[in-house]
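# Analysis of the macromolecular model
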Amino acid sequence: MPDDTPPRSPLGQDGAPAGLKQAIAEQFSLQATIGGPRGLAESILPMTVFSVVWAFTHDVPRSVLAALLPAVIFAVWRIVAREPLTQAVSGVLGIALGAGIALYTGRAQHFFLPGILKNVGFGAVYAISALVRWPLVGVLLGFTLGEDLHWRRVRPRMRVYQQATWIWVAVFALRAVVQGWLYSTGQATALGFVNVLLGLPLFGLAVGLTWLLVRRVPTAKPAEQPVGEEPVRAEAARD
């Protein structure tokens, strides 16, 4: 008996390849980006513990010790489970650096200085990449989605990658400005809790906006026209 089922279109209802939505979702998934719930805990818990202990004790050494404890536990956990140590080691080093500065100066807010500088650095790198027309979001997603660097020759694709990169610049800038102000005013307790608020919620918003932008334009192919000759197909998909 013949199969009357119509062939499945490679394009989704929005004109984008059917696999694009899934690929972007996988690329920006919590597991792939920050290591899942454990990765989130590794990045937030030590600073939160530090702030809580500091709020009750106002004792820098005790607060530092309390913050280092969960960082070390997570690292040992990964060693026992034979998992990659890159994220755990970088987290411990960052916490240790902040702890050393706080212990040396006796000022609790210095514990958060490495994190603030990291946001400034990432924001600057993302901004420069967009300005020189090598947006980092495009570089990262291009290879994941099989575009390689062909997207740089397609104006609509270049445009959405630049816009998405500026979204992440705004994320890093917001974190740096808010945390920088709290740091300059010595509000160590508030710094820890703001770190939570500007963590996963802001991250999720940036991921959602990035996905909404990137899904508007089909992935670039090797035969696409260069940027100066904007493809009609891509423009139609964008509209």
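The preceding data block contains the structure.
Criteria and cut-off values
Residues numbered from 1 in each chain as written. Predicted model: local features only at pLDDT ≥ 70, side-chain atom pairs only at ≥ 80, totals over all residues. Heavy atoms only, no water. Patch = residues over 30% accessible without salt bridge, like charges linked within 9 Å, V, L, I, M, F, W, Y side chains within 5 Å. Areas by Shrake-Rupley, 256 points an atom, 1.4 Å probe, with all protein chains shown as cover. Salt bridge = Lys/Arg side-chain N within 4 Å of Asp/Glu carboxyl O. Helix = DSSP H or I, 4+ residues; strand = E, 2+ residues; numbered from the N terminus. Buried < 20%, exposed > 50% of the residue type's maximum accessible area, 1.4 Å probe, protein only. Core = buried A, V, L, I, M, F, W, Y, C linked by side-chain atoms within 4.5 Å. Contact = heavy atoms within 4.5 Å. Axes fitted to C-alpha atoms, helices over the stretch in contact; angles between N-to-C directions. Parallel < 35°, antiparallel > 145°, perpendicular 65-115°, else oblique. Left-handed = near helix turned anticlockwise from the far one by under 90°. Nonpolar A, V, L, I, M, F, W, Y, C, P; charged D, E, K, R; others polar.

### Digging into a nonpolar patch on the surface
Among the surface-exposed residues, I128, L131, V132, W134, F143, L149 and W166 lie close enough to one another that they form a single nonpolar patch of about 700 Å² accessible area. Relative to the elements of secondary structure, L131 occurs in helix α6 (residues 113–131). By relative accessible area, which is 63% here, L131 ends up exposed.

### Let's talk about the pattern of salt bridges
If you walk through the whole model with that rule in mind, you get one salt bridge. Notably, a salt bridge pairs R157 with E147, separated by 2.6 Å at the nearest N-O pair. Taken as a pair, R157 in helix α8 (residues 155–184) and E147 in the loop between α7 (136–144) and α8 lie far apart in primary sequence, ten residues in all. Note on E147: relative accessible area 0%, which makes it buried.

### Topic: the nonpolar core
Residues F50, F111, F112, V137, Y161 and W168 are the most contacted members of the largest nonpolar core, which totals 40 residues. Only α3 (36–57), α4 (60–80), α5 (86–105), α6, α7, α8, α9 (188–197) and α10 (200–214) provide two or more residues apiece to this core. When residues no more than four places from it in sequence are discounted, the contact partners of F111 are M47, F50, A67, I95, G98, A99 and A102.

### Quick notes on the packing of α6 against α8
It is the contact of α6 with α8, at a shortest axis distance of 8 Å, that shows an interaxial angle of 155 degrees. By the angle between their axes, α6 is roughly antiparallel relative to α8. Seen along the crossing, α6 lies across α8 with a hand that is left-handed. Residues L113, I116, N119, V120, F122, G123, Y126, A127, S129, A130 and L131 of α6 lie in contact with α8, whose contacting residues are Q162, T165, W166, W168, V169, F172, R175, A176, Q179, G180 and Y183. Here the residues of the contact of α6 with α8 are counted per class, giving 14 nonpolar, seven polar and one charged.

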